[in-house]
Amino acid sequence: MRTLLIDMDSVICDLMTEWHKRYNEDYKDNLHVGKLTSWKSEQFVKPECGKKIYDYLKEPGLFLRLKPLPNAIEVIDRLHKQFDILIVTSSVSTAFQEKEQWIEEYLPFIGKHNIIFSHRKNMVVGDLLFDDAPHNLEGFLSKGRLAVAMDYPYNQNISVPRVQNWLDFEQFVLSLDWEKENVYETC
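Attention here is on the structure that accompanies the text. (Residues numbered from 1 in each chain as written. Predicted model: local features only at pLDDT ≥ 70, side-chain atom pairs only at ≥ 80, totals over all residues. Heavy atoms only, no water.)

A word on the pairing of strand S1 (residues 3-6). Neither face of S1 is exposed, since Thr3 and Leu5 on one face and Leu4 and Ile6 on the opposite face are all buried. Of the pairings in the sheet, the one linking S1 to strand S2 (residues 84-89) comprises 4 bridges and is parallel in character. The partner of threonine 3 across the bridge, within S2, is aspartate 84. By the bridge criterion, 3 bridges tie S1 to strand S4 (residues 128-131) in an arrangement that is parallel. Directly across from leucine 5, in S4, lies its bridge partner leucine 129. (Buried < 20%, exposed > 50% of the residue type's maximum accessible area, 1.4 Å probe, protein only. Helix = DSSP H or I, 4+ residues; strand = E, 2+ residues; numbered from the N terminus. Pairing = 2+ DSSP bridges.)

Okay, structure coming up:
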């Protein structure tokens, strides 16, 4: 059975809306994901905030409040019947338990025992990585493996197949010729 490695933040769940909401409330700004043309969020916030934008990611309860992206739960439920699915997420250490709880609530059929916490996703064995972070996509691609981007303004400089949403991802995965030795050649 082929293995799909799926990122959590901004791929399965909507991190940006909750994260930016907290920042916007505190700094009276209007930051949203459409403004992020680079992975470095500190470049798009008010100077008095700067790198403190990342402190919001350490707030207790943040990851428990995240909503699933449209169709994510339903598509993962359908795909897990045909593929081995591992959730591969990078995280601040304070969020590990919250992410496990989130998976248990929204994806009980996947379960917390199928979560891998890693900052080096390219080292995790799998046939395909579905992610949004440019460095994760590049790292996986550099190993000669298939990486698919959830399309955002901040990952436009990465040359990988990209999808706009979960229904597009499902169609992409199901259209691959998984019998070929190198699936990447079918994209």
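Additional details are given in the paragraphs that follow.
This paragraph deals with the pattern of salt bridges. One pass over the structure, following the stated rule, counts 11 salt bridges. Measuring nitrogen to oxygen at the nearest pair gives 3.1 Å for the salt bridge that ties glutamate 18 to arginine 65. Taken as a pair, glutamate 18 in helix H1 (residues 15-27) and arginine 65 in the loop between H1 and helix H2 (72-79) lie far apart in primary sequence, 47 residues in all. Exposure remark for arginine 65: the relative accessible area of 34% places this residue in the partly exposed category. Sharing partners across several salt bridges, the network here consists of Arg22, Glu25, Asp26 and Glu59. (Salt bridge = Lys/Arg side-chain N within 4 Å of Asp/Glu carboxyl O.)

Packed helices, taken two at a time, are described by their axes: the angle between them and the distance between them. Contact geometry for H2 and helix H5 (residues 166-175): axes closest at 9 Å, N-to-C directions at 20°. It follows from the interaxial angle that H2 and H5 lie roughly parallel. In the crossing of H2 with H5, the sense of the turn from one axis to the other is right-handed. Facing H2, whose interface residues are Ala72, Val75, Ile76, Arg78 and Leu79, H5 presents Trp166, Leu167, Phe169, Glu170, Val173 and Leu174. When the residues that make up the contact of H2 with H5 are grouped by side-chain class, the tally is 9 nonpolar, no polar and 2 charged. (Axes fitted to C-alpha atoms, helices over the stretch in contact; angles between N-to-C directions. Parallel < 35°, antiparallel > 145°, perpendicular 65-115°, else oblique. Left-handed = near helix turned anticlockwise from the far one by under 90°. Contact = heavy atoms within 4.5 Å. Nonpolar A, V, L, I, M, F, W, Y, C, P; charged D, E, K, R; others polar.)

With that settled, the discussion passes to the environment of isoleucine 12. With respect to the secondary-structure elements, isoleucine 12 resides in the loop between S1 and H1. With 116 residues separating them along the chain, isoleucine 12 and leucine 128 place their C-alpha atoms 15 Å apart. Ignoring anything within four residues of it in the chain, the contact list for isoleucine 12 reads Ile6, Asp7, Lys67, Pro68, Leu69, Ala72, Ile76, Ile87, Trp102, Leu107 and Trp166.

So, on to the sheet that holds strand S3 (residues 115-117). Taken together, the 6 strands give an open sheet; going across it, the order is S3-S2-S1-S4-S5-S6, and neighbouring strands pair in parallel fashion. Bordering the open sheet on either side are S3 and strand S6 (162-163), each of which pairs with just one other strand. The sheet strands contacting helix H3 (residues 96-106) are S2 and S3, and the helix crosses S3 at an angle near 160°. Against the sheet, H5 contacts S1, S4, strand S5 (146-150) and S6, and its axis sits at roughly 170° relative to S4.

Here we take up the packing of aromatic side chains. All told, the structure shown has 9 aromatic pairs when counted by the stated rule. With 5.1 Å between their ring centres and 75° between their planes, phenylalanine 130 and tryptophan 166 make a pair best called edge-to-face. A residue pair is termed long-range when its members are at least 10 positions apart, and phenylalanine 130 in strand S4 and tryptophan 166 in helix H5 qualify at 36 residues. Each of the two residues, phenylalanine 130 as well as tryptophan 166, counts as buried. Centre to centre, the rings of tyrosine 152 and tyrosine 154 are 5.1 Å apart; their planes meet at 5°, and the pair counts as stacked. Just as tyrosine 152 is buried, tyrosine 154 falls in that class too. Through a chain of ring-to-ring contacts, three or more aromatic side chains come together here, namely Trp39, Tyr152 and Tyr154. (Phe/Tyr/Trp six-rings, centres within 6.5 Å; stacked < 30°, edge-to-face > 60°.)

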